[in-house]
Amino acid sequence: MAIMQFPDGPEVDARTLLNVSLAAVCVCERDSGKILHANRVMRDLLGRSAEELRELDVIQVGLWDSAEQRRTALEENPYLFVDRTVQLGPLSVRHGWQPAQLDGRQVLAEVVVDVSVTAEGEARLERMGNFRRILSEVVRESLKHGSEVGFHSWVLEQLVETIEPAEAASLLVQSDDGLFRFEAAAGYDMEMLKRVWLAKPYSNNLPEGEPTLVRGFERVDESLDDERRGWLEASGRPAAIKVTIVTPISIDERSLAILHVDNFSDADAFDEEAVSMARDFAQHLGVMLQRRKLEEALRQQAHYDKLTGLPNRRYFDDKLSKAVSESNRTGRQVALFLIDIDGFKQVNDRFGHAFGDRLVQVVTRRLSNRLPPGASLSRWGGDELAMIVPDPPDPELLDRQLQLLLDEVKRPINLDDQELVNTISIGGCHYPRYAASPGSLLMNADSALYRAKNTGRNRFVIFDEELNARVALERDIRDPGFLDQVELWYHPRIDVATHTVCGVEALARWNHPLRGLVSAAEFIPLAEEQNVLGKLGMTLLDHACAQLRRWLDQGLSTMLSFNVSRFELSQPDFVESVVKLTQRHNVATHMLELQITEDAVVRQVPDAAEKLQRLSSVGFRLLLDDIQSGYASLAVLRQFRLDAFKISREYVTALEPSGTNTGAVRVIETVTALGRDLGVTVVAEGVETSFQRDMLIAAGCAQLQGFLFSPVLSAEEATVRLRPAESQTA
């Protein structure tokens, strides 16, 4: 006689056992045996209603002779479905039990099989035991592997193995677009079935959850074209189907699934038992599909941006980590690009955040349609986007692909009758060429994006050696020791009339611990971006006054010219701070010349004229630097007195013996004429040739400065040059 063994381990769900309709099952309290639930087969076998059975226990209905007998049997066999024969009236039945869980409670499921007809009963018992074992295994495995690719096909393989007349099975699942696609199959070529979609598998509505026998090959709907029909027929033997158990499965309010269990040999192959088994499998598949749907919704919420549907920052971080790992494995590059919508804050401020959200949707759609092959786009929030390009193409092709993105976004956008022309800025970096980790890849791409936005927007910048050096300098500028590393060097200014040094201009040089001396042209713009230029300027002015004092103490009297940036000039207490510095070092104000650019006076500092007037009134010399054509000089001079103009280096450099640059000559002549008319000294810098010197003297420049006369000098070298014996030029 066969003995059925229940699965070891944790108790199964009692409701699962109640749904196995092949056997009579009642769920009862473990200790007392009081009946809690009984399935239809048990109710029919005992001839009692569910309400009547809930008033009884398993001893009263005849499954046990006494409570003692039951307790002893359960102690000896707590998990086995034992071959125990019980006489229920005229019926000889087999009786067994299974520990189970019901709503968190530990209960016992007692099972009865009618074996009055021995051979049929043995076979039925065997089938039921096998069915319950496989169904329990399916439930357990679904908790571990239910979301894995191919799991549902494994479930269908178990179904075909369990339902004896079944020779093949398939599962159709309705997608969000309303079409049905094959999710899993057993006995068919799944690769072929993946290519097939159906609009409506059956013309007649099937009763939800109830199996229906369909004879013949009726799965194909009228919308199936020849190509899809060919793929379907190539998947196996669908045209040879004699009968199918079709069971609709409701996943949620909007989607449906359909389970097919097929037989190819006999139109009457499936009996009531097979149909019942198919129903039970369908119910479990429904639970699995519902759980997967919920998991997908939670995953979508956790990993995708709600506004655009793009992967969010969390998903991006995971994808970037995997892309970097793949790059390490294959040796291929991976490129990361950060993208910002230019002027997005102004759009939000002007039109509102809802309008801004719609703009983000339009921009991301346009970008998605133009992504480089294999690229993926993510949204971090606001207007921040990121794009990963595995194995990027050669630089020329990549540049064209990035330009396509810029051009696509720049096309006019019409929202709420507002036509906008928006642009984006892109910054990128390659791993491992210019980054050692995902973190440094992000940081360098962000530096490139910052560069793109600061150099005009609507452009892309890719991190390279030049930008790498720039980023290293920016990092060093942020170091607390930066201010102590910047020194003042001095460039002599020559008086044309006496050919002697009439003053020096203080020039900043960064004595970098690794790179040596770095020119102001290289690091001052970076210091401005890092918001340290104002503090640096006042520190250097303090050093300049201190050096002037040291020269005075050595008997060397000279005028010192100092460049004032718009950051210092814009400080509310700038005038007071400069006066205090001269007082601290006991330096006369007329010995300090402050150089201010024409642009700062006219455009960048609203109260510049008032501050310069106050500085002039207490004796400071004022020089208008980088003057080009004198377009602002008259307006400025009407408000306060300037002491000098300086002609921009670019016009001096343009002076060549060929005489081709007549425009530069005209500007120089205009500025020197203006200086003569106003009694203002005209200074020219950048003099490197004797031809330039002669031209400038002829034009009326009073003071000259450049490498023709002297290189830039350290404080010690300038001290030597300022001594009377050294003050004559060559």
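Refer to the structure above for everything that follows.
The notes below deal with the structure included here. (Residues numbered from 1 in each chain as written. Predicted model: local features only at pLDDT ≥ 70, side-chain atom pairs only at ≥ 80, totals over all residues. Heavy atoms only, no water.)

1. As for the overall build of the protein chain
Selection rule: Here a strand is any run of E in DSSP of at least two residues, a helix any run of H or I of at least four, and the numbering for each starts at the N terminus. The contact rule is simple, with two residues in contact once any of their heavy atoms fall within 4.5 Å. For the accessible areas, the method is Shrake-Rupley and the probe is 1.4 Å, while residue cover comes only from the protein chains on display.
Scanning the protein chain from N- to C-terminus turns up 27 helices and 30 strands. The long-range share in the protein chain, meaning contacts at least 24 apart out of those at least 6 apart in sequence, stands at 63%. Accessible surface for the protein chain amounts to roughly 34,900 Å². Of this, 48% is attributable to carbon and sulfur atoms.

2. Considerations on the sheet that holds strand β17 (residues 384-390)
Filter applied, for reference: Strands pair, by our definition, only if DSSP identifies at least two bridges between them. Lines fitted to C-alpha atoms define the axes here, with helix axes fitted over just the stretch in contact, and angles between the N-to-C directions of these axes take values from 0 to 180 degrees.
Read from one edge to the other, the open sheet built from five strands follows the order β16-β17-β15-β20-β21, with strand pairing classed as mixed. The sheet is open, and its two borders are formed by β16 (376-381) and β21 (460-462), each paired with just one other strand. With direction set aside, neighbouring strand axes in the sheet form an average angle of 20 degrees. Sheet contacts for helix α14 (residues 438-454): β15 (334-341), β16, β20 (424-431) and β21; angle to β20, the most-contacted strand, approximately 145 degrees.

3. Things to note about the packing of helix α11 (residues 344-351) against helix α12 (residues 353-369)
Counted only if it meets this: When an angle is under 35 degrees it counts as roughly parallel; over 145 it counts as roughly antiparallel; between 65 and 115 it counts as roughly perpendicular; any other value is oblique. When residues are sorted by character, Ala, Val, Leu, Ile, Met, Phe, Trp, Tyr, Cys and Pro go into the nonpolar class, Asp, Glu, Lys and Arg into the charged class, and all the rest, Gly among them, into the polar class.
Two numbers describe how α11 lies on α12: the axes approach to 7 Å, and their chain directions differ by 140 degrees. Classified by the angle between their axes, α11 and α12 sit oblique to one another. For the pair α11 and α12, the contacting residues are F344, V347, N348 and F351 in the first and H353, F355, G356, L359 and V360 in the second. Among the residues forming the contact of α11 with α12, the class breakdown is six nonpolar, three polar and no charged.

4. Looking at the sheet that holds strand β13 (residues 243-250)
Strand order in the open sheet formed by six strands is β11-β10-β9-β14-β13-β12, and the pairing between neighbours is antiparallel. In this open sheet, the two edge strands, each paired with only one partner strand, are β11 (197-198) and β12 (212-215). As judged from the eight bridges shared by β13 and strand β14 (residues 256-263), these two strands associate in the antiparallel manner. Residue P248 lies in a different strand from β14, and its bridge partner there is I258. Helix α6 (residues 151-162) rests against β9 (168-174), β10 (180-186) and β14 of the sheet, and its axis sits at about 55 degrees to β10.

5. Quick notes on the nonpolar core
What counts is decided by this rule: Here the nonpolar core consists of buried residues drawn from Ala, Val, Leu, Ile, Met, Phe, Trp, Tyr and Cys, with membership extended through side-chain atoms lying within 4.5 Å. Partly exposed describes any residue whose relative accessible area lies between the buried limit of under 20% and the exposed limit of over 50%, with all areas from a 1.4 Å probe on protein chains only and scaled to the type maximum.
Membership of the largest hydrophobic core comes to 75 residues, with the highest contact counts inside it found for Y490, W551, L560, L594, I596 and L696. When residues of this core are assigned to their parent elements, the largest contribution, eight residues, is made by helix α18 (residues 533-553). If sequence neighbours within four positions are ignored, L560 has contacts with Y490, V504, A506, A544, L548, W551, M591, L592 and E593. I134, A186, V243 and I251 belong to the second-largest nonpolar core, a separate cluster that totals 33 residues.

6. A look at the packing of α18 against helix α20 (residues 574-584)
Convention followed: Helix crossings are classified by the rotation of the near helix relative to the far one: an anticlockwise turn of less than a right angle makes the crossing left-handed, while a clockwise turn makes it right-handed.
Packing of α18 against α20 brings their axes to within 9 Å, and their N-to-C directions diverge by 30 degrees. Between α18 and α20, the crossing angle belongs to the class labelled roughly parallel. Our pair here, α18 against α20, has a crossing hand that is right-handed. Contacts from M538, L541, D542 and C545 of α18 reach α20 at F574, S577, V578, L581, T582 and R584. Residues belonging to the contact of α18 with α20 are distributed by class as follows: six nonpolar, two polar and two charged.

7. Section: the pattern of salt bridges
What counts is decided by this rule: What makes a salt bridge here is a side-chain nitrogen of Lys or Arg within 4 Å of a carboxyl oxygen of Asp or Glu, nothing more.
This structure, assessed with the given rule, holds 37 salt bridges. For the salt bridge of D44 with R40, the shortest nitrogen-to-oxygen distance reads 3.6 Å. Highlighted residues: D44 and R40, both in helix α2 (residues 40-46), separated by four residues, approximately one helical turn. Overall, the relative accessible area of 53% leaves D44 in the exposed class. Judged by its relative accessible area of 46%, R40 is partly exposed. We note a salt bridge from R614 to E576, for which the minimum N-O separation is 2.5 Å. Of the two residues, R614 sits in helix α22 (residues 608-617) while E576 sits in helix α20, which places them 38 residues apart along the sequence. For R614, a relative accessible area of 29% puts it in the partly exposed group. Through salt bridges that share partners, E505, K646, R649 and E685 make up one connected network.

8. Thoughts on the packing of aromatic side chains
The condition that has to hold: Geometry of aromatic contacts follows a simple scheme: Phe, Tyr and Trp rings, the Trp one being its six-membered ring, pair when their centres are within 6.5 Å, and the pair is stacked under 30 degrees between planes, edge-to-face over 60, tilted otherwise. Criterion for a charge above a ring: Lys NZ or Arg CZ within 6 Å of the ring centre, and within 35 degrees of the ring normal.
According to the stated counting rule, one finds eleven aromatic pairs in the structure shown. Between Y188 and F264 the ring centres are 6.4 Å apart and the planes differ by 80 degrees, which places this aromatic pair in the edge-to-face class. Taken together, the residues Y188 in the loop between β10 and α7 (190-193) and F264 in the loop between β14 and α9 (272-303) connect sequence positions 76 residues apart. Overall, the relative accessible area of 11% leaves Y188 in the buried class. F264 gets classed as buried once you look at its relative accessible area, which sits at 9%. With a centroid separation of 6.0 Å and an interplanar angle of 65 degrees, the aromatic rings of Y434 and F463 are classed as edge-to-face. Taken as a pair, Y434 in the loop between β20 and α14 and F463 in the loop between β21 and α15 (465-477) lie far apart in primary sequence, 29 residues in all. Residue F463 is classed as buried on the basis of its relative accessible area, which comes to 1%. Taken together, the aromatic side chains of F482, W510 and F523 make up a single cluster linked through ring pairs. Above the face of the W64 ring, R84 is positioned so that its terminal group lies 4.0 Å from the ring centre. When the ring centre of Y315 is taken as origin, the NZ or CZ atom of K319, which lies over that ring, is 5.7 Å away.

9. Thoughts on unusual backbone geometry
Geometrically, the link from Y431 to P432 is a cis peptide bond, its omega value of 0 degrees lying close to zero. On the secondary structure map, P432 appears in the loop between β20 and α14. The residue N458 is not glycine, and still its phi comes out positive at about 50 degrees. In this fold, N458 is placed in the loop between α14 and β21. In this structure N458 comes out as partly exposed when scored by relative accessible area, which is 25%.

10. Some points on α6
Rules: What a helix is expected to span follows from its residue count: subtract one and scale by 1.5 Å.
Counted at 1.5 Å a residue, the expected span for α6 with its twelve residues is 16 Å, and the 17 Å between its end C-alpha atoms agrees. Most of α6 sits inside the fold, with nine of its twelve residues counted as buried. Regarding α6, the residues found buried are F151, H152, S153, V155, L156, Q158, L159, V160 and T162.

11. Here's the deal with the pairing of strand β7 (residues 91-102)
Burial runs high along β7: nine of the twelve residues are buried. Across two bridges, the pairing between strand β2 (residues 12-13) and β7 is parallel. Note on β7: the bridge partner recorded for V12 is A100. By the bridge criterion, five bridges tie strand β6 (residues 84-88) to β7 in an arrangement that is antiparallel. By the bridge assignment for β7, L88 is matched with L91.

12. A few points about the side chain of T558
With respect to the secondary-structure elements, T558 resides in the loop between α18 and β25 (559-564). The exposure class of T558 is buried, given its relative accessible area of 8%. Ignoring anything within four residues of it in the chain, the contact list for T558 reads C502, G503, V504, L548, W551, M591 and L722.

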